[in-house]
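# Analysis of the macromolecular model
Listed below, chain by chain, are the residues.
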Amino acid sequence: MELNWIYDLEEEMSIKAFLNKQRLPKSFIKDVKYSGEILLNHLRVDVRFSIRKGDHLRLVAPDEEGHETVPASHQALDIVYEDPDLLVVNKPAGLVSIPSAKVPDSSMANRVKGYYQRQNYSDQVIHIVTRLDRDTTGLMLIAKHRLAHALMDRQMHQGQVYKYYQALSASNRWAKHGIIEAPIARDEHSIITRCVCEQGKWSKTEYWCIQAFDQGAHLRLRLHTGRTHQIRVHLAHKGGALVGDDLYGGPDSHWIHRQALHCGELRFRQPLTGQALVINQPLPQDMRDWINNQSLN
């Protein structure tokens, strides 16, 4: 990838000072210095050179070769949004986000790798910004190169990436709006499950009740922290586990055979242009079927 600027300030400054003003990650600048190119008016220079009004500065980052540990998969990929720096995909139920020893070649990362190969992109490393559990559906955000990943991570740590979920809870006793604050830790009796306990990490989930039914409720939720299984643990802790979530005590359903959780909205800023982005994905069919069935009763 490459970045270009036409310097328009009257003040002369070093390229190093200018790049620092752009708030580029130091690790990215280092990669460009040692493995890429810094070009000033098409001549190769280093960061000590000065830049003057009207100068053209160009940074060329080295291509990122794909890892052999992530083989390409050419299974279907549902792309919701794409630009030169980002990719947002709609993950189906039953698909893990990243490869593992048990699932080495059929994760979402493998599918994205196959797509990158088909598109002949110069950067082939898969930079996943937001993950989802195997049976959670919806939007996953992926950076297409190292700089976009670093800038999106910065937004994540500053709380500027807003993730909204929709869920089906087995309880109908929810306020119209509320906040769950309860610390979450790994369950000492399991390597998979989490639980609410005093020794856990502070966790915050905000919710809105969209509609209550006789046998449950349709909720909208926002994660203020990003703990493993956070929504599942918090709802179960409040007595309203997700429909279909047998790991946390949710009831079985004829209509849905997984935890009823869907990431339906992402809000963030495009990392290089600063444009505000709002990306939405409708509920999957199984969750809509459950809601429709409740509405008929």
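Residues numbered from 1 in each chain as written. Predicted model: local features only at pLDDT ≥ 70, side-chain atom pairs only at ≥ 80, totals over all residues. Heavy atoms only, no water.

## Description of the UniProt feature "active site" (unreviewed entry) in the protein
Counted only if it meets this: UniProt positions are given in the numbering used here, feature names are shortened, and annotations may be inferred rather than shown by experiment. A helix here means a DSSP run of H or I that spans at least four residues, while a strand means a run of E at least two residues long, and both kinds are numbered starting from the N terminus. Each residue's exposure class comes from its accessible area (1.4 Å probe, protein chains only) as a fraction of the maximum for that residue type: buried when under 20%, exposed when over 50%, partly exposed otherwise. Here, residues are in contact when the closest pair of their heavy atoms is within 4.5 Å.
Following the UniProt record, the feature "active site" (unreviewed entry) maps to Asp133 here. Within the element layout of this structure, Asp133 appears in the loop between β9 (127-128) and β10 (137-143). Under the relative-accessibility criterion, Asp133 is labelled partly exposed at 26%. Once you skip the residues sitting within four places of it in the chain, Asp133 turns out to touch Lys91, Leu95, His229, Arg232 and Gln259.

## Section: the packing of aromatic side chains
Spelled out, the test is: The criterion for an aromatic pair is that two Phe, Tyr or Trp rings (for Trp, the six-membered ring) have centres within 6.5 Å, with stacked assigned to planes under 30 degrees apart, edge-to-face to planes over 60 apart and tilted to the rest. Should the NZ of a Lys or the CZ of an Arg lie within 6 Å of a ring centre and within 35 degrees of the ring normal, that charge is described as sitting over the ring.
Taken as a whole, this structure holds eight aromatic pairs when the rule is applied. Relative to Tyr116, the ring of Tyr115 lies with its centre 6.5 Å away and its plane at 50°, an arrangement referred to as tilted. The pair Tyr115 / Tyr116 is uniform in exposure class, with both members buried. The exposure class of Tyr115 is buried, given its relative accessible area of 10%. Just above the ring of Tyr164 sits the side chain of Arg220; from NZ or CZ to the centre is 4.1 Å. In this arrangement the basic side chain of Arg220 is found over the ring face of Trp208, its NZ or CZ atom lying 5.5 Å from the centre.

## What about a nonpolar patch on the surface?
Let me state the cut-off plainly: Candidate patch residues must exceed 30% relative accessible area and have no salt bridge, after which like charges are joined if within 9 Å and Val, Leu, Ile, Met, Phe, Trp or Tyr side chains if within 5 Å. Only the protein chains shown count as cover for residues, with accessible areas throughout obtained via the Shrake-Rupley method and a probe of 1.4 Å. Salt-bridge detection follows one rule: a side-chain nitrogen of Lys or Arg within 4 Å of a carboxyl oxygen of Asp or Glu.
A surface patch of nonpolar side chains, about 310 Å² in accessible area, is lined by Ile191, Ile192 and Leu247. Tracing the backbone through its elements, the reader meets Ile192 in the loop between β13 (184-186) and β14 (194-196). For Ile192, a relative accessible area of 48% translates into the label partly exposed.

## Let's talk about the sheet that holds strand β4 (residues 43-44)
The pairing of strands in a sheet happens through backbone hydrogen bonds and is either parallel or antiparallel. Put simply, the test is: Two strands are said to pair when DSSP picks up at least two bridges between them.
Overall, antiparallel pairing links the four strands, which are arranged β1-β6-β3-β4 in an open sheet. Two strands in the sheet have a free side with no partner beyond their single neighbour: β1 (2-6) and β4. Relative to β4, strand β3 (residues 37-40) is paired through two bridges, and the arrangement is antiparallel. The residue bridging Leu39 from the neighbouring strand is Arg44, located in β4.

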